[in-house]
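Residues per chain are reported as follows:
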Amino acid sequence: MSLAQHWSLADLHHVGVVVADIEKAAEDVRRIYGLSVTVFDETRFVCRIGGVEHAGTQRIGLSAGGAPHLELLREVPGSEIWRAAPGIHHLGFVVDDLPAAARAAESAGAPVWMAGVRDGISPAGATYHRDPLGQVFELLDRSLAAGLTDRLERGRPTTPPAR
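These numbers were taken from a predicted model, which means no experiment stands behind them. (Residues numbered from 1 in each chain as written. Predicted model: local features only at pLDDT ≥ 70, side-chain atom pairs only at ≥ 80, totals over all residues. Heavy atoms only, no water.)

## Thoughts on the confidence of the model for the protein chain
Note the threshold: Confidence scores labelled pLDDT are given residue by residue by the predictor and lie between 0 and 100. Every residue pair with non-hydrogen atoms within 4.5 Å of one another is taken to be in contact.
On average, residues of the protein chain score 89 in pLDDT, and 93% of them are at 70 or above. Counting interchain partners and residues more than four positions distant, the pLDDT-below-50 stretch residues 157-163 has 19 contacts.

## A short note on the sheet that holds strand β3 (residues 43-49)
Put simply, the test is: By the convention used here, strands pair only if DSSP detects at least 2 bridges between them. Starting at the N terminus, helices and strands are each numbered in turn, a helix being any DSSP run of H or I of at least four residues and a strand any DSSP run of E of at least two. Each axis is a line fitted through C-alpha atoms, and for a helix only the stretch in contact is used; angles between axes span 0 to 180 degrees, taken between their N-to-C directions.
As summarised here, the arrangement of the 10 strands in space is β2-β5-β6-β1-β7-β10-β9-β8-β3-β4, forming an open sheet in which the pairing is mixed. Strands with a single pairing partner mark the edges of an open sheet, and in this sheet they are β2 (37-39) and β4 (52-58). For this sheet, the mean angle separating the axes of adjacent strands, direction not counted, is 25 degrees. As paired elements, strand β9 (residues 126-130) and strand β10 (residues 136-141) share 5 bridges and run antiparallel to each other.

## Side note on the packing of aromatic side chains
Worth spelling out the cut-off: Each Phe, Tyr or Trp ring (for Trp, its six-membered ring) is paired with any other whose centre lies within 6.5 Å, and the angle between the two planes then decides the class: stacked below 30 degrees, edge-to-face above 60, tilted in between. The rule is simple: take the accessible area with a 1.4 Å probe, protein chains only, and divide by the maximum for that residue type; under 20% is buried, over 50% is exposed, in between is partly exposed.
All chains considered together, the criterion is met by 4 aromatic pairs. Aromatic pair phenylalanine 45 and tryptophan 82: ring centres 4.9 Å apart, planes at 75 degrees, arrangement edge-to-face. Taken together, the residues span a long stretch of sequence, with phenylalanine 45 in strand β3 and tryptophan 82 in the loop between β6 (69-74) and β7 (90-95) at a distance of 37 residues. The residues phenylalanine 45 and tryptophan 82 share a single accessibility class, namely buried.

## Considerations on the environment of aspartate 21
Our working definition: Throughout this description, a polar contact denotes any pair of N or O atoms lying within 3.5 Å of each other; where both atoms belong to protein, one of them has to be capable of donating a hydrogen while the other can accept it, and for residues adjacent in sequence the pair is counted only when both atoms sit in side chains.
Following the sequence through the fold, aspartate 21 ends up in the loop between β1 (12-19) and α1 (22-33). Placed 54 residues apart in sequence, aspartate 21 and glutamate 75 show a C-alpha to C-alpha distance of 7.8 Å. At 3.2 Å, the side chain of aspartate 21 forms a polar contact with the backbone nitrogen of glutamate 23.

## Some points on helix α2 (residues 98-107)
Within α2, burial applies to Leu98, Ala100, Ala101, Ala102, Ala104 and Ala105. Sitting at the head of α2, aspartate 97 places a side-chain oxygen 3.2 Å from the backbone nitrogen of alanine 100. Glycine 109 occupies a position one or two residues after α2 and carries a positive phi of about 105 degrees.

## Topic: the pattern of salt bridges
As a working rule, side chains carrying opposite charge can pair if their charged atoms are close by. What counts, and what does not: The term salt bridge refers to a side-chain nitrogen of Lys or Arg lying within 4 Å of a carboxyl oxygen of Asp or Glu.
Overall, the coordinates contain 8 salt bridges when judged by the stated rule. Here arginine 30 ties to glutamate 27 by a salt bridge, and the two come within 2.6 Å at their closest N and O atoms. Taken together, the positions of arginine 30 and glutamate 27, both in helix α1 and 3 residues apart, correspond to about one turn of that helix. Note on glutamate 27: relative accessible area 28%, which makes it partly exposed. A salt bridge links aspartate 28 to arginine 31, with the shortest nitrogen-to-oxygen separation between them at 3.0 Å. In this pair, aspartate 28 and arginine 31 both sit in helix α1, 3 residues apart, roughly one turn of the helix.

Right under this line is the structure:
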């Protein structure tokens, strides 16, 4: 099955950047780009990396104004996934059928790097893949993307809107 049957550039939900200081990064984004970023409370996550289950705490921020969003992810010390580095960490695409889209990506040569786990089932919520060019992309289940949008609409930006 072709990847184009699962997502396209039109399904771009966010551009993810891992940062050491999420509050400072949100302020920098507001000041430089004029984007308000809502920084959410910490959340627990469970994922599989290389077949090994990991649990941790993450904190993200999401720009207001609709997709595509700028997503800020707080660095997780010791994580091979969320390490702060200059530039874009990943592109996140919304998909309707995460397991099928992840299998299609793997078949096309972009293996799962990290997969979310929920109630012992994986992939759940999201998968991260590394393509043959070395780029990282995330496949984000549509229901999880909708939940992020709902949190964003209920959230309070940590930085005032640009004037």
